[in-house]
Amino acid sequence: MRWTDELGTSHGRRLRRGVLGDGREVFAKIQEPWQALASEAALTSQHVFASEAAGLRWLGEAITVPEVIEVAEDRLVLSWVRQEPPTAAAAERFGRDLARLHRAGAPAFGAPWPGFIADLPMSNAPAEGWPAFYASRRVLPFVRRARLPSRDVRLIERAVERFGEVAGEPEPPARIHGDLWSGNLLWSGGTGVLVDPAAHGGHRETDLAMLALFGAPYLDRILGAYQEEAPLADGWRERVPLHQLHPLLVHVVLFGEGYRDGLMAAVTRVLGL
């Protein structure tokens, strides 16, 4: 393999572009050498790479993702995605592709590999029903990490108690990306290509709420095409704040109090206040 470009770093890992001996271009995340001196950091990288590779392969059974070329303790090598500007037609195609991905389903709410979002571990242990999975595997663990004021914690705990009431009619586990903000959606080949997943069996509305949280190009076209392919249950728009609680909590943990107002606004809407 020959490296051609340095692409910066992410979470302490070097990002590189390279070319294989057969001419294929690749993208690599490489554990920095200094991390090898920190056994915990090295172990985290190993598990993050393995989790991402497992998620990509699973999603790739139903939608366009980069090919996993190599996964090792110190690196993850993927096929290179040649990006292009998004278009309305590509957004519509992606909306249909995403609906088919979700319809591919999952054996349970959860996944048989360790979960991560950025470098933060998440339990993918199965749970009975989505509200219980979302509360115990996604929301409450991050409440404990967020170091929020006790008043905020009490409000979030009240919201969690309402999950079963406000989650809508039960749906079977969908095959979801799990961290589908616009930065993890690349445009290539006339559709969207998914990268950096936190893949698991979850609720399909979670991916759509994440796309809306930070904005995605032609979101209205994505949603319209999705609805044509797999209509959403009544009230899905009102449930968007529910599905945004976890990513907002993650941002509070990672980036601090600047995301607290957005989080608590979503909590207030879940509580109907």
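Above this text is the structure in question.
We now turn to the structure provided with this report. Small disclaimer: the values here were computed from a predicted structure and weren't measured.

Observations concerning the nonpolar core
If you look at the biggest cluster of nonpolar residues, it comprises 71 residues, and the most contacted ones within it are Phe94, Ile156, Leu194, Leu211, Leu245, Leu249 and Leu263. The element that contributes the greatest number of residues to this core is helix α3 (residues 130-146), accounting for eight residues.

Some points on the pattern of salt bridges
Close approach of charged atoms allows side chains with opposite charge to pair. All chains considered together, the criterion is met by 21 salt bridges. With a closest N to O distance of 2.9 Å, Glu205 and Arg239 form a salt bridge. Residue Glu205 is located in helix α6 (residues 204-214), and its partner Arg239 is located in the loop between α7 (219-229) and α8 (240-255); the two are separated by 34 residues in the primary sequence. For the residue pair Glu205 and Arg239, the accessibility class agrees, reading buried in each case. One salt-bridge network, held together by shared partners, links Arg93, Asp97, Arg100, Arg103 and Glu229.

A closer look at the pairing of strand β3 (residues 25-31)
Among the seven residues in β3, six count as buried, and that is most of the element. Note: strand β2 (residues 13-19) against β3, seven bridges, orientation antiparallel. Note on β3: the bridge partner recorded for Leu15 is Lys29. The turn linking β2 back onto β3 is made up of five residues, and Gly23 within it adopts a positive phi angle of 95°. Alignment of β3 against strand β5 (residues 75-79), held across five bridges, turns out to be antiparallel.

Some points on empty space enclosed by the protein
The tally for this structure, following the rule as stated, stands at three cavities of 30 Å³ or more. The computed volume of the largest cavity comes to approximately 120 Å³. Around the largest cavity, the lining comprises 14 residues; the ones closest to its centre are Tyr134, Gly178, His200, Thr206 and His246. At the level of secondary structure, the elements contributing two or more residues to the lining of the largest cavity comprise α3, β11 (200-202), α6 and α8. Space inside the second largest cavity adds up to approximately 40 Å³. Lining of the second largest cavity is provided by Ser51, Gly55, Trp113, Pro114, Gly115, Phe116, Met122, Asn124, Pro197, Ala198 and Ala199. Among the secondary structure elements, those contributing two or more residues to the lining of the second largest cavity are α1 (39-59) and β6 (115-117). Taken together, the residues that form the lining of the second largest cavity break down as seven nonpolar, four polar and no charged.

As for α8
With 16 residues, α8 extends 22 Å between its outermost C-alpha atoms, agreeing within 8% with the 22 Å of an ideal straight helix rising 1.5 Å per residue. The axis of α8 is deflected most strongly, by about 30°, at His246, and proline Pro247 appears within four residues downstream. Counted residue by residue, α8 has 13 buried out of 16 residues, so it is predominantly covered. The positive-phi residue at the C-terminal boundary of α8 is Gly256, with phi of around 100°.

A closer look at the side chain of Thr206
Inspection of the secondary structure assignment puts Thr206 in helix α6. Residue class for Thr206 comes out buried when judged on its relative accessible area of 12%. In terms of polar contacts, Thr206 uses its side chain to reach the side chain of His243, at 2.8 Å.

A short note on the environment of Ala233
Structurally, Ala233 can be placed in the loop between α7 and α8. Its relative accessible area of 25% is what places Ala233 among the partly exposed residues. A C-alpha to C-alpha distance of 26 Å links Ala233 and Gly55, two positions 178 residues apart in sequence. Those residues in contact with Ala233 that lie beyond four places of it in its chain are Glu171, Arg204 and Arg239.

Focus: the packing of aromatic side chains
Applying the stated criterion to the full structure yields six aromatic pairs. Consider the rings of Trp130 and Tyr134, whose centres lie 4.5 Å apart with planes at 20°: the pair is stacked. Highlighted residues: Trp130 and Tyr134, both in helix α3, separated by four residues, approximately one helical turn. The two residues Trp130 and Tyr134 agree in class, both being buried. A cation sits over an aromatic face here: Arg145 above Phe142, 4.4 Å from the ring centre.

Rules of the game
- Residues numbered from 1 in each chain as written.
- Predicted model: local features only at pLDDT ≥ 70, side-chain atom pairs only at ≥ 80, totals over all residues.
- Heavy atoms only, no water.
- Core = buried A, V, L, I, M, F, W, Y, C linked by side-chain atoms within 4.5 Å.
- Buried < 20%, exposed > 50% of the residue type's maximum accessible area, 1.4 Å probe, protein only.
- Helix = DSSP H or I, 4+ residues; strand = E, 2+ residues; numbered from the N terminus.
- Salt bridge = Lys/Arg side-chain N within 4 Å of Asp/Glu carboxyl O.
- Pairing = 2+ DSSP bridges.
- 1 Å grid on protein atoms, 1.4 Å probe; cavity = no way out; pocket = protein on both sides within 12 Å on 5 of 7 lines; lining within 4 Å.
- Points joined across faces, edges and corners; volume = space filled by probe spheres on them.
- Nonpolar A, V, L, I, M, F, W, Y, C, P; charged D, E, K, R; others polar.
- Expected span 1.5 Å × (residues − 1).
- Bend = angle between axes of the 7 residues up to and from the residue.
- Polar contact = N/O pair within 3.5 Å; in protein donor to acceptor, adjacent residues only side chain to side chain.
- Contact = heavy atoms within 4.5 Å.
- Phe/Tyr/Trp six-rings, centres within 6.5 Å; stacked < 30°, edge-to-face > 60°.
- Lys NZ or Arg CZ within 6 Å of the ring centre and 35° of its normal.

Read these as geometric descriptors, not functional statements.
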